[in-house]
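Now for the letters of each chain:
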Amino acid sequence: MLLAVLQRIVKMLTRVQSGNSMLFLGMLTLLVGCGKQDSRQVVTLWHQMRPADRAVLESRLEVYEQQNPEIDVRALYKENEELRSGLESAVLVGAGPDIVYGPWDTLGVYNEIGAVQDMTPWFPSEVQQEFDPRTLAILPDKENPSLRKLYFVGDRFGNHLALVYNRNLLKEPPQTTDELIVAAKANTVDETGDGRPDRFGIVWNYTEPFFVIPFLTGHGAWVFANDAPGDGRSEVRPVPELDTPQAIAAYQFVADLKTKYHVLPISADYNVARELFLSGKAAMLIDGDWSWQDYVSAEEIDAAIAPLPIVSSTGLPMKPMVSPKGYSLSIAAQGKRAEEAMQLIRFLTDTPTQLAFLEQQKIIPSRMSLRDHPLLKQDPTLITSFAQTQNGRLMPLVTEMRAVWDAMKPPYQSLMSGNISAADATRQMQQSADRKIAALTGSVRPGVTAPLLPFAGFALLLALLVWQRHRLVEFFRDLRRNRLAYAFALPSLLAIFLVVVFPLVFNVALSFSNMSLQNFRDWEIVGFHNYASIFFGDQAAKFWGVFFKTIFWTAINVSLHVSIGVLLAVVINGPIRGKAIYRLLLIIPWAVPAYITALTWRGMFDYQFGVVNQGILAINHYLPAMLHLPILDWLNLPNPAFAACIIANVWLGFPFMMVIALGGLQGIPQELYEAARIDRATRWQQFWNITLPMLKPVLIPAVTLGAIWTFNNLNVVWLVSNGGEPSDQTHILVSYVYKAVFNLYQYGYGAALSMVIFLMLLVFSIFFLHKTQATEGVH
């Protein structure tokens with residue numbers, strides 16, 4: 001049929017007169033050429049500025065384009081992970097932006113993979129002296145370590161924590177941790193008399209280890225043993241030092257704030273802590289300079305900023321990590337592009353631009369000439385902020401920092417959930433950091449099986465050709481007879497090859513490679529090392545644990561999707577009024593973007609203020625004490641957190657099965673039910689012997705697709721559990737792969753994991769469809 005249609009189209013085209021054809025082509029040429037051609041040179045900037053900063057950036061870019069009319073600056077906002085992964089992908093193909101703007105801590109990775117280049121020719125030493133030296137990243141050259149190059153120029157300094165307090169609840173900020181405990185206890189109040197605090201003394205995001213750093217420094221601890229400068233200029237590789245008596249004391253103090261003094265909420269991620277403070281339900285908050293303007297300008301509270309207090313037991317100040325944000329020149333900018341990109345960087349780091357950010361956003365500039373500006377001596381927030389930066393500690397500019405953050409997070413969350421002691425937490429952090437740094441900085445050499453893999457691949461390809469030789473012969477015969485049809489199909493085939501076949505083959509090759517942070521561009525085939533690591537390596541037990549959890553996740557979700565979907569379809573297909581309204585309402589969970597739904601469910605599962613626990617409390621009000629339902633800490637305990645992910649995914653998935661089943665039900669002949677009623681069959685017998693068998697041809701493929709989608713459903717698990725929290729206990733295989741690849745840059749290992757998942761799903765689909773005979777008709 002398709003071939004006949006294609007042939008008719010060709011015949012119609014051949015009947016067009018040559019004069020008309022020329023007229024048509026002439027008109028097409030005019031239409032293509034009538035658009036306005038922009039001859040300006042494009043400079044692309046990828047940045048991570050928050051909305052308020054973006055407004056200042058855009059105004060300064062307008063000024064720049066007015067001064068340089070031949071330049072078109074295209075500033076694109078990207079989230080942290082999006083920018084990082086996008087830049088890594090661009091580097092592999094020699095593309096990407098001209099300029100990258102972001103935080104200091106990602107620069108080590110960018111430099112390691114060769115994504116950024118030296119800016120010294122445009123920022124010589126005399127220009128560098130105009131900047132705070134802590135805002136310049138001068139790193140050893142990868143080829144010649146004795147040669148230092150400038151890879152980062154900061155336009156601001158800080159990115160640090162301080163104490164925010166509500167003067168309506170606390171007149172003066174605490175100067176020591178003893179005073180902090182007294183003030184926090186006085187402001188932790190049960191206003192409703194239900195035995196649960198409605199207002200807290202202090203809050204912060206205690207799911208992220210970045211916020212615990214001031215407590216570590218205040219107790220004399222740090223994340224690395226060797227006291228390297230932290231700016232990347234030292235050739236000495238840092239050694240993690242997370243399990244020390246000072247660190248144990250710091251974590252014990254933090255845990256005591258929750259379990260001994262009861263001044264912290266049961267759970268608090270960043271958004272919860274922020275909303276508690278803004279709503280007047282927290283007297284103090286530890287937060288960063290990126291948010292202070294929101295608190296100070298809020299009308300509901302009277303917020304002020306104060307330095308973090310001194311730890312009473314040690315006499316040491318709580319020093320937050322400090323770091324700059326700034327610009328780097330991408331490796332994609334070469335020749336004239338590099339010149340124009342650096343001209344823009346110099347403009348965005350000059351005195352007028354930094355002054356605009358200082359005056360409008362209260363940001364500490366990196367230029368030393370602006371450090372004497374009156375605002376820094378008159379504005380209370382800036383005075384405190386600058387004082388805190390002077391009493392901070394520079395974030396280490398090393399790739400190992402990523403592994404340390406990743407190692408600290410799960411034990412820290414377990415500690416705050418009350419599952420382990422401070423000593424156990426630091427011990428687990430140290431062990432995990434050593435293991436992760438070894439994986440991050442190590443490199444696998446080709447094994448004995450590596451030379452055999454190309455021959456094995458060639459043999460498999462040859463076997464496939466031999467197996468399909470008869471079909472290939474038929475294909476070439478048909479190609480000679482129907483060349484026009486294949487010509488029309490060629491674009492689609494090319495698209496399939498580019499987006500399906502080539503990525504799959506490339507992923508197979510990567511799965512046998514050592515591609516990682518250390519071998520990002522010069523990776524090579526190493527054999528079956530990655531597959532051996534998955535099934536028999538140090539993390540094999542964890543892999544199998546995540547695998548069986550994924551099987552359970554898929555089975556329970558798909559079962560509930562089908563059960564609820566078919567039940568609702570049967571009800572809606574029955575003789576009820578308002579079918580259209582019910583259909584519309586029940587499709588809403590499927591229509592709303594999964595991202596919004598997942599975050600909504602996460603908020604609903606909050607221990608203190610979530611709708612779920614509030615509903616349980618309301619139900620308990622009408623029940624006797626012995627029948628009261630338990631109030632669960634849904635997001636901070638492994639099993640409830642996993643159950644929360646399942647509930648959210650069931651809510652998202654049942655409408656699809658309902659729509660599929662409803663379509664199948666409407667195709668079942670009513671005569672079958674009439675005959676069954678004559679034979680006095682019950683409703684259940686009708687459902688079991690008529691409805692289900694007739695639904696089988698539509699449900700089995702839907703179940704297969706649902707199983708594959710659920711098995712690979714990263715969004716719900718990642719967003720509801722906030723990336724596998726608590727303590728990486730809610731991962732399924734796809735989120736486990738994502739974390740392995742993007743947190744520790746183990747691309748070869750991640751590719752092998754993805755191939756294992758692909759083969760699992762392929763075998764399941766073939767076996768399931770064969771056993772259920774889904775392609776056969778109903779007899």
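Residues numbered from 1 in each chain as written. Predicted model: local features only at pLDDT ≥ 70, side-chain atom pairs only at ≥ 80, totals over all residues. Heavy atoms only, no water.

Here is a general trend for soluble globular proteins: nonpolar side chains tend to be buried in one another's company. Ile202, Trp204, Val223, Tyr251 and Met408 are the most contacted members of the largest nonpolar core, which has 123 residues in total. Not counting chain neighbours up to four residues away, the residues in contact with Tyr251 comprise Val212, Leu216, Met408, Tyr412, Leu415, Ala422, Thr426 and Met429. Among the nonpolar cores identified, the runner-up in size contains 33 residues, and Val73, Tyr101, Trp122 and Leu150 belong to it. (Core = buried A, V, L, I, M, F, W, Y, C linked by side-chain atoms within 4.5 Å. Buried < 20%, exposed > 50% of the residue type's maximum accessible area, 1.4 Å probe, protein only. Contact = heavy atoms within 4.5 Å.)

Approximately 1100 Å³ is the volume attributed to the second largest pocket. Looking at the second largest pocket, it is lined by 43 residues, and the ones nearest its centre are Arg435, Lys436, Gln539, Tyr736 and Leu744. Elements that contribute at least two residues to the lining of the second largest pocket include exactly helix H16 (400–416), helix H17 (422–441), helix H21 (529–536), helix H22 (540–573), helix H30 (733–744) and helix H31 (747–772). Broken down by element, the residue count for the lining of the second largest pocket peaks at seven residues, all from H17. Split into classes, the residues belonging to the lining of the second largest pocket amount to 13 nonpolar, 22 polar and eight charged. (1 Å grid on protein atoms, 1.4 Å probe; cavity = no way out; pocket = protein on both sides within 12 Å on 5 of 7 lines; lining within 4 Å. Points joined across faces, edges and corners; volume = space filled by probe spheres on them. Helix = DSSP H or I, 4+ residues; strand = E, 2+ residues; numbered from the N terminus. Nonpolar A, V, L, I, M, F, W, Y, C, P; charged D, E, K, R; others polar.)

Let's shift gears to the packing of H22 against helix H23 (residues 579–591). For any two helices packed against each other, the geometry is given by the interaxial angle and the distance between the axes. For the pair H22 and H23, the least separation of the axes is 10 Å and the interaxial angle reads 160 degrees. On the basis of the axis angle, H22 is roughly antiparallel to H23. You can see that H22 and H23 cross each other, and the crossing is left-handed. Between H22, through Leu568, Ile572 and Asn573, and H23, the contact on the second element is made entirely by Lys579, Tyr582, Arg583 and Leu586. The residue inventory of the contact of H22 with H23, partitioned by class, reads four nonpolar, one polar and two charged. (Axes fitted to C-alpha atoms, helices over the stretch in contact; angles between N-to-C directions. Parallel < 35°, antiparallel > 145°, perpendicular 65-115°, else oblique. Left-handed = near helix turned anticlockwise from the far one by under 90°.)

Tallied over the entire structure, the rule returns 26 salt bridges. Lys409 is the partner of Glu208 in a salt bridge, and the nearest nitrogen-oxygen pair spans 3.0 Å. Taken together, the residues Glu208 in the loop between strand S8 (200–203) and helix H8 (213–218) and Lys409 in helix H16 connect sequence positions 201 residues apart. In this structure, a network of salt bridges that share partners links the residues Arg50, Asp53, Asp155 and Arg156. (Salt bridge = Lys/Arg side-chain N within 4 Å of Asp/Glu carboxyl O.)

Our focus in this paragraph is the domain arrangement of the protein. Domain boundaries in the protein define domain 1 (1–30), domain 2 (40–158 + 325–372), domain 3 (161–321 + 394–441), domain 4 (445–487) and domain 5 (543–772). Summarising the inter-unit geometry, the C-alpha centres of domain 2 and domain 5 are found 45 Å apart. Across the contact, five residues belong to domain 2 and four residues belong to domain 5. Interface of domain 2 and domain 5: buried area, both sides summed, is about 380 Å²; carbon and sulfur atoms make up 46% of it. Here domain 2 and domain 5 share zero salt bridges between them. Our count for the domain 2 to domain 5 interface comes out at two residue pairs in polar contact (both at pLDDT 80 or more). The dominant element in the side of domain 2 that touches domain 5, judged by the number of residues it contributes, is helix H4 (residues 80–92), at four residues. Partitioned by chemical class, the residues of the side of domain 2 that touches domain 5 number one nonpolar, one polar and three charged. (Domains from an automatic or database assignment. Buried area = accessible area lost by both parts, 1.4 Å probe. Polar contact = N/O pair within 3.5 Å; in protein donor to acceptor, adjacent residues only side chain to side chain.)

Looking now at the sheet that holds strand S7 (residues 161–166). Within a sheet, adjacent strands bond to each other through the backbone by hydrogen bonds, running parallel or antiparallel. Spatial ordering of the open sheet is given by S8-S9-S7-S10, a layout of four strands whose pairing is mixed. The open sheet has two free edges, formed respectively by S8 and strand S10 (303–306), since each of these has just one partner strand. Averaged over all pairs of adjacent strands, the angle between their axes in this sheet comes to 20 degrees, without regard to strand direction. Two strands pair when backbone bridges link them, and S8 and strand S9 (residues 282–288) are joined in this way by three bridges, in the parallel orientation. What sits directly across from Ile202, in S9, is Met284. Where helix H10 (residues 270–278) meets the sheet, it contacts S7, S8, S9 and S10, and its direction lies at approximately 135 degrees from that of S9. (Pairing = 2+ DSSP bridges.)

Together, Leu490, Leu493, Leu494, Ile496, Phe497, Leu498, Val499, Val500, Val501, Phe502, Val505 and Phe506 give the surface a local cluster of nonpolar side chains, amounting to about 1100 Å² of exposed area. For Leu490, the position within the fold is in helix H20 (residues 483–511). Here Leu490 falls in the partly exposed class, since its relative accessible area comes to 44%. (Patch = residues over 30% accessible without salt bridge, like charges linked within 9 Å, V, L, I, M, F, W, Y side chains within 5 Å. Areas by Shrake-Rupley, 256 points an atom, 1.4 Å probe, with all protein chains shown as cover.)

Time to look at unusual backbone geometry. Residue Glu725 is joined to Pro726 through a cis peptide bond whose omega torsion reads 0 degrees. With respect to the secondary-structure elements, Pro726 resides in the loop between helix H29 (714–720) and H30. The residue Asn159 is not glycine, and still its phi comes out positive at about 50 degrees. On the accessibility criterion, Asn159 (17% relative accessible area) is buried.

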